[in-house]
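Inside the fold
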Amino acid sequence: MSMLATVALLLALAPAQKAALPFIEDDYGRALAEARARNLPLFIEAWAPW
Amino acid sequence: MKAFVFTDESLRAEAGRFVWLAIDTDKEQNAPVQAKYPIDAWPTFLVVDPKDERVAMRWVGGATVGQLKKILDDGRLAVAGSPQGAVAAAPIDADSAFNRAEAHYAARDFGAAGKAYQEALRLSAPDWPRYARTVESLLFALARADDCATSVEVARGALPRLRETPSIMTVASTGLSCALASPATDPARVETIALFEKAAREAIANRSVRTAADDRSGVYAVLLDARKDAKDEAGAGKVAAEWARFLEDEAAGSATPEARAVFDSHRLSVYIEMGEPQRAIPMLQAAERDFPKDYNPPARLAVAYKEMKRWDEALAAADRAIALAYGPRLLRILGTRAEILLAKGDKAGARATLAKALAAAEGMPPGQRSDRTIAAVRKRLEGLD
C-alpha cells in the first residue's frame, strides 16, 4: 500500500477512533489493509444481532 | 459485549494495539469471512496475524473486561510467537502445553486442543495464572467433542479453585448441564447433579464475583433444567420467578435502551417458562419503538403472541420481522411464521412459508449455508404432506 493510500485510510478511520475501541464494522478487507499498514494484529469480533 | 464490555473506558489503552473489526455473521457480505474463519458459537473473538491471515488466538463466548484484557495480552504474544513451533514441540511445562493447545484451538482442532489443555493442567503449578482460561477453553473443546463425562470431571476439579472468579459461571453451568445429560443408569448421577446444582446456586448468589449478567442468567437456565429433571414443579417455578426478578432488576438498572434490550430474549424465555408470555409484550413493544430497524423485537413479539394464541398479531409481528431480517436468522423467523399458520389451521400457508425458508436456506452463500439446516427445513416441509 502506498503512503498516500495509508494516510487516506487512517484519515477515513479517524472519527471512529473517538470510541473506546475503534471498531471497523463489516469490512474485513479494510481492516486487514489497516492492520498490515500499521503492523498490528487484527482483532475480530464475530457476533450476530440475535 | 457491545453494550457492557467494549464500551468500558479502561479498554481505551488497548485501542492502538490492535486493528478492531466487528463482523455480523448474519450479513451476506460477511459470508466469505465466515467461510475463511468458521465460527462455532457466538460471540467468538479471533486475533489474526495480518501477515498471513493466520488465526493466532481464538476465544469462544463472552468475557468480562478483565478476561478480555488477558485474552488481548495472550493474542499479542500468539501473533509474535511461532505457532508451528509450539505445535511441534513436546510440552515440557504448563505454558508450552498451553501454547500448543492454543494453536490447535485457534485452528479449530478441538480434539488435539483438549488433550493439550489437559496436559497443561496436569503440568501446572497451583498458582498458574492461565488456569481459568485453560479450564474454560478446555470445557468448550470437550463440548465440541461431545465428551460430557470428561467435562464433568474437569468442572468438578476446577470448582474449588475458580469459585471466586467469573469462570465459575461457565464451570458450574457446564458441569450441571453435563451431569443432567448423563444416563439415568449412572449411579453417580444424582450426587453429581446435586454437587453442581449447589455450586451453580452459590455462583449466582455470590455478588462479589463480577461477571456479565447474561452469563449469570445462563446459570439460572441450567438450574431450571435441573429442577425440571427432578420433576420438581414447585422448585422449577421458584427458579423461574427468581430468574425473572433478576433479569427485570438488571434491565431496570440499564443505562441505555441497548443495554436494556440485551435481556429481552432471556426475559421472553423465562416468561414463557412461567406460562406468562404476556409479560414480555410491553418490553418488546418498547424495543420495537426504540430500534425500528432491528428484526429482533418483532420476531420475539411473534413468539410471545404465538404462545398467547393471538394468531393474527403473531402473524403480523412475524411479517414485520421478516421484512427486516437477513441471513440465517430469517430462516428461524420463517419457521415461527409456519408454526403460527399451522396453529391457525392454514396448512397451505405453512407449507408455502417453509418452501420459502427452504429456498432461502439453499440459496445461502458458502460460510452461511448449512446442510443440517437445509435437511431440518426439508424434513419439516415433508412432515406437512
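Thresholds, definitions, all that
Here the residue numbers are simple positions, counted from 1 along each chain's written sequence. To label them, take the chains in the order written and letter them from A, then take the ligands in the order written and number them from 1. Local features in this predicted model are restricted to residues whose pLDDT is 70 or higher, and side-chain atom pairs enter the listing and the counts only when it is 80 or higher, whereas totals over whole chains, interfaces and linings include all residues. In computing side-chain values, all of the structure's heavy atoms are included and hydrogens and water are not. In this description, strands pair whenever DSSP reports at least two bridges between them. By the criteria applied, helices consist of DSSP H or I runs no shorter than four residues and strands consist of E runs no shorter than two, each listed in order from the N terminus. Contacts are assigned to residue pairs with any non-hydrogen atoms lying within 4.5 Å of each other. Geometry is summarised by axes, namely lines fitted to C-alpha atoms with helices restricted to the contacting stretch, and by angles between N-to-C directions that run from 0 to 180 degrees. Aromatic rings from Phe, Tyr and Trp, taking only the six-membered ring of Trp, are treated as a pair when their centres fall within 6.5 Å; an angle between ring planes under 30 degrees marks them as stacked, one over 60 as edge-to-face, and anything in between as tilted. To sort residues, take the accessible area from a 1.4 Å probe on protein chains only and compare it with the maximum for the residue type: under 20% means buried, over 50% means exposed, and anything in between is partly exposed. Cation placement over rings: the criterion is NZ of Lys or CZ of Arg within 6 Å of the ring centroid and within 35° of the ring normal. Whenever a carboxyl oxygen of Asp or Glu lies within 4 Å of a side-chain nitrogen of Lys or Arg, that contact is scored as a salt bridge. We score Asp and Glu as negative and Lys and Arg as positive, and we do not count His or the chain ends. You can read pLDDT as the predictor saying how much it trusts each residue, on a scale of 0 to 100. Here the expected length of a helix is defined as 1.5 Å per residue gap, with one fewer gap than residues. When we speak of the arc, we mean the arc of directions from the helix axis to the C-beta atoms. Should an angle fall under 35 degrees it is called roughly parallel, over 145 degrees roughly antiparallel, and 65 to 115 degrees roughly perpendicular, with every other angle called oblique. Put simply, a crossing is left-handed when the front helix is turned counterclockwise from the back one by less than a right angle, and right-handed when it is turned clockwise. Polar here means any residue outside two lists: the nonpolar Ala, Val, Leu, Ile, Met, Phe, Trp, Tyr, Cys and Pro, and the charged Asp, Glu, Lys and Arg; Gly therefore counts as polar. Counting of polar contacts relies on pairs of N or O atoms within 3.5 Å, with two restrictions inside protein: one atom must be capable of donating a hydrogen and the other of accepting it, and residues adjacent in sequence are counted only when both atoms are side-chain atoms. Accessible-area loss on putting two parts together, using a 1.4 Å probe and summing over both, is the definition of buried area adopted here. The disulfide criterion used throughout: a pair of cysteine sulfur atoms within 2.5 Å.

Okay, the sheet that holds strand E1 (residues 19-24) of chain B next. Read across the sheet, five strands follow the order E1(A)-E1(B)-E2(A)-E2(B)-E3(B) without closing on themselves; strand pairing throughout is mixed. Because the sheet does not close on itself, it has two edges, and the strands there are strand E1 (24-25) of chain A together with strand E3 (54-60) of chain B. By the bridge criterion, six bridges tie strand E2 (residues 42-47) of chain A to E1(B) in an arrangement that is parallel. Each bridged residue has a counterpart across the sheet, and for Leu42(A) the counterpart in E1(B) is Val19(B). Packed on one face of the sheet, helix H2 (residues 28-38) of chain A meets E1 and E2 of chain A together with E1 of chain B and runs near 165 degrees to E1(B). The sheet strands contacting helix H2 (residues 65-80) of chain B are E2 of chain A together with E1, strand E2 (44-49) and E3 of chain B, and the helix crosses E3(B) at an angle near 160 degrees.

What follows deals with the packing of aromatic side chains. Here the structure, examined in full by the defined rule, presents 18 aromatic pairs over all chains. Aromatic side chains Phe43(A) and Phe18(B) sit 6.3 Å apart centroid to centroid with 75 degrees between the ring planes, which places their arrangement in the edge-to-face category. Separated into two different chains, Phe43(A) in strand E2 and Phe18(B) in the segment before E1 make up a pair that spans both. The same class applies to Phe43(A) and to Phe18(B), which are both buried. Taking the centre distance of 5.5 Å and the plane angle of 80 degrees together, the rings of Tyr105(B) and Phe110(B) count as edge-to-face. On the accessibility criterion, Phe110(B) (9% relative accessible area) is buried. Taken together, the ring pairs connect Phe23(A), Phe43(A), Phe6(B), Phe18(B), Trp20(B) and Phe45(B) into an aromatic cluster. Over the ring of Tyr131(B) we find Arg161(B); its NZ or CZ atom is 3.7 Å from the centre of that ring.

All names here are of chain B. Taken as a whole and judged by the stated rule, the model has 41 salt bridges over all chains. Note that Asp229 is salt-bridged to Arg189, the shortest N-O span being 3.0 Å. Highlighted residues: Asp229 in helix H10 (residues 213-229) and Arg189 in helix H9 (residues 189-205), separated in sequence by 40 residues. Overall, Arg189 belongs to the buried group, its relative accessible area being 13%. In this structure, Glu197 and Arg227 form a salt bridge, with 2.8 Å as the shortest nitrogen-oxygen distance. Within this pair, whereas Glu197 is found in helix H9, its partner Arg227 is found in helix H10, the two being separated by 30 residues in sequence.

Tracing the backbone through its elements, the reader meets Arg300(B) in helix H15 (residues 296-307). One buried charge, Arg300(B), has no salt-bridge partner; the nearest side chain with opposite charge is Asp264(B), at 4.5 Å.

The predicted model of chain A averages 74 in pLDDT, with 62% of residues at 70 or higher. For the stretch residues 1-18 of chain A, pLDDT sits under 50, and the model shows 20 contacts to residues farther than four places along the chain or on other chains.

All names here are of chain B. Here helix H19 (residues 371-383) spans 18 Å end to end across 13 residues, near enough to the 18 Å set by a 1.5 Å rise per residue. Within H19, burial applies to Ile374, Val377 and Leu381. Within H19, the buried residues cover an arc of 70 degrees as seen down the axis, which keeps them to one side. More than 90 degrees from the buried face of H19, the exposed residues found are Asp371, Arg372, Lys379, Glu382 and Gly383. Here the buried face of H19 lies against helix H18 (347-362).

Residues and elements named next belong to chain B. Orientation of H18 relative to H19, taken along the N-to-C sense of each, is 160 degrees, at an axis distance of 9 Å. The angle between H18 and H19 falls in the class roughly antiparallel. Considering only the axes of H18 and H19, their crossing is left-handed. Residues Arg351, Leu354, Ala355, Ala357, Leu358, Ala361 and Glu362 of H18 form the contact with H19, whose participating residues are Ile374, Val377, Arg378, Arg380 and Leu381. Each residue belonging to the contact of H18 with H19 can be placed in one class, and the counts come to eight nonpolar, no polar and four charged.

Turning our attention to the environment of Thr44(B). If you trace the backbone, Thr44(B) turns up in strand E2. Among residues more than four places away in sequence, those in contact with Thr44(B) are Ile44(A), Glu45(A), Ala46(A), Ile39(B), Arg58(B), Trp59(B) and Val60(B). Looking at Thr44(B), its side chain comes within polar contact range of the main-chain oxygen of Ala41(B), at 2.6 Å.

For the rest of this paragraph, the subject is the interface of chain B and chain A. Taken together, the contact pairs 47 residues of chain B with 29 residues of chain A. Together, Val19(B), Trp20(B) and Leu21(B) form the three largest contributors to the area buried by chain B at its contact with chain A, with a combined 23%. Taken together, the connections running from chain B to chain A amount to two salt bridges. In this structure, Glu53(B) engages Arg36(A) in a salt bridge whose closest nitrogen and oxygen atoms are separated by 3.5 Å. Our count for the chain B to chain A interface comes out at 21 residue pairs in polar contact (both at pLDDT 80 or more). Put simply, the parts of the chain that give the side of chain B that touches chain A at least two residues each are E1, helix H1 (31-36), E2, H2 and H15 of chain B.

Let's shift gears to the state of the cysteines. Residues and elements named next belong to chain B. What the rule picks out here adds up to one disulfide over all chains. Here Cys148 engages in a disulfide with Cys178; their sulfurs sit 2.1 Å apart. Note on the Cys148 and Cys178 pair: the S-S dihedral is about -80 degrees, so by sign convention the disulfide is left-handed. Of this pair, Cys148 sits in helix H7 (residues 148-162) while Cys178 sits in helix H8 (residues 168-181), and the two are 30 residues apart along the sequence.

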